[in-house]
There are 2 protein chains.
Amino acid sequence: MERPRRADARRNEESLLEAAAAAFVASGVEAPVRDIAARAGVGTGTIYRHFPTRADLIIAVYRHQVDACAEAGPALLAGGATPHTALARWIDLFVDFLVTKHGLAAVLQSDNAGFEALHAYFLDRLLPVCAELLDAAAASGEIRSDVEAYALMRGVGNLCIGADSDPRYDARRLVGLLVAGLRQAD
Amino acid sequence: MERPRRADARRNEESLLEAAAAAFVASGVEAPVRDIAARAGVGTGTIYRHFPTRADLIIAVYRHQVDACAEAGPALLAGGATPHTALARWIDLFVDFLVTKHGLAAVLQSDNAGFEALHAYFLDRLLPVCAELLDAAAASGEIRSDVEAYALMRGVGNLCIGADSDPRYDARRLVGLLVAGLRQAD
DNA sequence: GAGGAAGCGGAACCTTGTTCCGTTAACGAT
DNA sequence: ATCGTTAACGGAACAAGGTTCCGCTTCCTC
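What you are looking at is a predicted structure, and each value in this text was computed from that prediction instead of being measured.

Conventions used here
- Residues numbered from 1 in each chain as written.
- Chains lettered and ligands numbered in written order.
- Predicted model: local features only at pLDDT ≥ 70, side-chain atom pairs only at ≥ 80, totals over all residues.
- Heavy atoms only, no water.
- Helix = DSSP H or I, 4+ residues; strand = E, 2+ residues; numbered from the N terminus.
- Buried < 20%, exposed > 50% of the residue type's maximum accessible area, 1.4 Å probe, protein only.
- Contact = heavy atoms within 4.5 Å.
- Areas by Shrake-Rupley, 256 points an atom, 1.4 Å probe, with all protein chains shown as cover.
- Lys, Arg positive; Asp, Glu negative; His and termini not counted.
- Charge placed at Lys NZ, Arg CZ, Asp CG, Glu CD.
- Least-squares fit on C-alpha atoms with pLDDT ≥ 70 in both.
- Phe/Tyr/Trp six-rings, centres within 6.5 Å; stacked < 30°, edge-to-face > 60°.
- Lys NZ or Arg CZ within 6 Å of the ring centre and 35° of its normal.
- Buried area = accessible area lost by both parts, 1.4 Å probe.
- Salt bridge = Lys/Arg side-chain N within 4 Å of Asp/Glu carboxyl O.
- Polar contact = N/O pair within 3.5 Å; in protein donor to acceptor, adjacent residues only side chain to side chain.
- Nonpolar A, V, L, I, M, F, W, Y, C, P; charged D, E, K, R; others polar.
- Near = heavy atom within 4 Å.

**Student:** Looking at this model, I keep getting lost on the overall build of chain A. Mind explaining?
**Tutor:** Looking only at helices and strands, chain A features nine helices and zero strands. The order of helices and strands in chain A, counted from the N terminus, is α-α-α-α-α-α-α-α-α. If you line up chain A on its principal axes, its C-alpha atoms span 60 × 40 × 30 Å. Evaluated residue by residue, chain A yields a buried proportion of 49% over its 186 residues. Taking contacts inside chain A between residues at least 6 apart in sequence as the whole, the part at least 24 apart equals 66%. Surface accessibility of chain A: about 8,900 Å² in total, with carbon and sulfur atoms responsible for 51%. Each charge sign in chain A was given a centre, from 19 positive and 24 negative side chains, and these centres are 6 Å apart.

**Student:** I keep staring at the relation of the copies chain B and chain A and nothing clicks. Help me out?
**Tutor:** Relating one copy of the chain to the other requires a rotation about an axis plus a shift along that axis. Its rotation angle being 179°, the transformation that places chain B on chain A also includes 0.0 Å of axial translation and leaves an RMSD of 0.1 Å. Taken together, the turn and the small shift mark the pair as related by a two-fold rotation axis. When the interface residues of chain B are mapped onto chain A, 100% of them are again interface residues, pointing to one common binding face.

**Student:** Can you help me understand unusual backbone geometry in this one?
**Tutor:** Excluding glycine, most residues fall at negative phi; most peptide bonds, likewise, are trans. Positive phi is not limited to glycine here, since A:Ser165 has a value of about 55°. When you line up the elements, A:Ser165 lands in the loop between helix H8 (149-159) and helix H9 (171-182).

**Student:** Sorry, what's going on with the packing of aromatic side chains here?
**Tutor:** Two aromatic rings, taken as a pair, are described by how far apart their centres are and by the angle between their planes. The tally for this structure, following the rule as stated, stands at ten aromatic pairs over all chains. Aromatic pair B:Trp90 and B:Phe94: ring centres 6.0 Å apart, planes at 10°, arrangement stacked. Here B:Trp90 and its partner B:Phe94 are both found in helix H5 (residues 83-99), four residues apart, which amounts to about one turn of the helix. The residues B:Trp90 and B:Phe94 share a single accessibility class, namely buried. Their ring planes at 25° and their centres at 6.0 Å tell us that B:Phe97 and B:Phe122 sit as a pair that is stacked. Of the two residues, B:Phe97 sits in helix H5 while B:Phe122 sits in helix H7 (residues 116-139), which places them 25 residues apart along the sequence. The aromatic ring of B:Tyr150 is capped on one face by A:Arg168, whose charged end is 3.8 Å from the ring centroid.

**Student:** I'm lost on the interface of chain B and chain A in this one. Help?
**Tutor:** Many structure descriptions define interface size as the accessible area lost when the parts assemble. Facing 22 residues of chain B, the contacting portion of chain A comprises 22 residues. Taken together, both faces of the contact between chain B and chain A bury some 2,300 Å²; the carbon and sulfur share is 62%. When the buried area of chain B at its contact with chain A is split by residue, B:Tyr150, B:Arg168 and B:Leu177 rank highest and sum to 22% of it. Applying the counting rule to chain B against chain A returns two salt bridges. B:Arg154 is the salt-bridge partner of A:Asp166, the closest N and O atoms lying 2.9 Å from each other. Linking chain B with chain A are 13 residue pairs in polar contact (both at pLDDT 80 or more). Secondary-structure elements contributing two or more residues to the side of chain B that touches chain A are helix H8 (149-159) and helix H9 (171-182) of chain B. Per-element tally for the side of chain B that touches chain A: the top contributor is H9(B), with seven residues. Here the side of chain B that touches chain A is composed, by residue class, of eleven nonpolar, five polar and six charged.

**Student:** Can you help me understand the protein's contact with DNA strand C in this one?
**Tutor:** Not every one of the 24 residues close to DNA strand C is listed here, only the nearest: A:Arg34, A:Thr53, B:Arg6, B:Asn12 and B:Thr46. Protein-adjacent atoms of DNA strand C, using a 4 Å cutoff, are sugar or phosphate at a proportion of 54%. At 2.3 Å, a side-chain N or O of B:Arg6 approaches a base nitrogen of DNA strand C. Take B:Asn12: an N or O atom from its side chain is 2.3 Å from a phosphate oxygen of DNA strand C. Of all elements in the fold, only helix H1 (7-27), helix H2 (33-40) and helix H3 (44-50) of chain A together with helix H1 (7-27) and helix H3 (44-50) of chain B reach the threshold of two or more residues within the surface near DNA strand C. The biggest single contributor to the surface near DNA strand C is H3(B), with five residues.

**Student:** Whenever I open this one, the environment of B:Ala117 confuses me. Can you help?
**Tutor:** Residue and element names in this part refer to chain B. Topologically, Ala117 is positioned in helix H7. Measuring from C-alpha to C-alpha, the distance between Ala117 and Ile58 comes to 9.9 Å, with 59 residues separating the pair along the chain. When near neighbours in sequence (up to four residues on either side) are disregarded, Ala117 contacts Asp56 and Ile59.

Right, dumping it as structure tokens:
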């Protein structure tokens, strides 16, 4: 837990996380590294000492919330609802998370080199959870069983792109349609 | 139709369109302007004389195919199928178009400044068509009537992002689920 | 065949991510 | 308390991408 050895290093890492979170709220996840460094009162080099790449900084900022989402999956399954309901609720959580983070969904799916780490982190953490929920719903016969968790997660993520900043586009409703579309005869 | 007055200008515009199309096939829609200029054997300045921005070049390259897609809509409605089937088929056309153009879907939804023109062109041309199909299907009672054409098009476009370059992600199937999800009681 | 302007090329500029390296200052040992 | 080592810092510099600028070329017209 105590990764940085020197006191100033620990302090700077903390400032950076705070500054990045603030910048992401203010200007979206695509806030320039220089802006974040300026907010934190450090040089750009310091960012790269703590976070090898911008994607790693993003991961660090959202790690807690992603983990919380991952942990909510089993809890929903254990709760009384049917597996399909549990799946739908979990996806709602995921969508809420994505939609409230300016531009995160876009960056998640971006095939620009440099964001594989981000993509991979989300997948590592959330894919197993989604697969568990999906399998349970398929096993109960509520949904078709020919959709992979990966495709579903990615589709949901894609639908969340640009969900803010356009009142005409309601990602939540479309995700709802997609999940509803899962209920079909095999 | 004869916009450029000088012969060399007309020739260059033609070369640029060809070079851009080739570059888009080879490296995706995000091919650097410099590469396209080099392919066409012109300077970068020449690109910007003919196409004020990269987005305008993209529009010019795909204009014909977008128009074809737009014109297919009424034809499908006039054909014998039910409105929902016509809508589904038209969306298939749209998806095929997006999926075969490396990265076009991503750029279409990108909120990066500079691509509004592209977004607007697609919307101007295709939104009325989609709305017509959607209204017909809603009027026939086949689908719920609380989904706007804009949201649907955007959702479909979003689902197509990254559809190439990942065999695990089948955009067509997910779009199918989404369209299936439209068939619901109001 | 000249003159003028339309058009051209590509260097230069801006922004953004990332690297590099000379300098600073934290901290363990004395 | 001081010193020396070295982790850590800051920000200039680099790369890549879009866009702008402007001196030169070349086409068209008279």
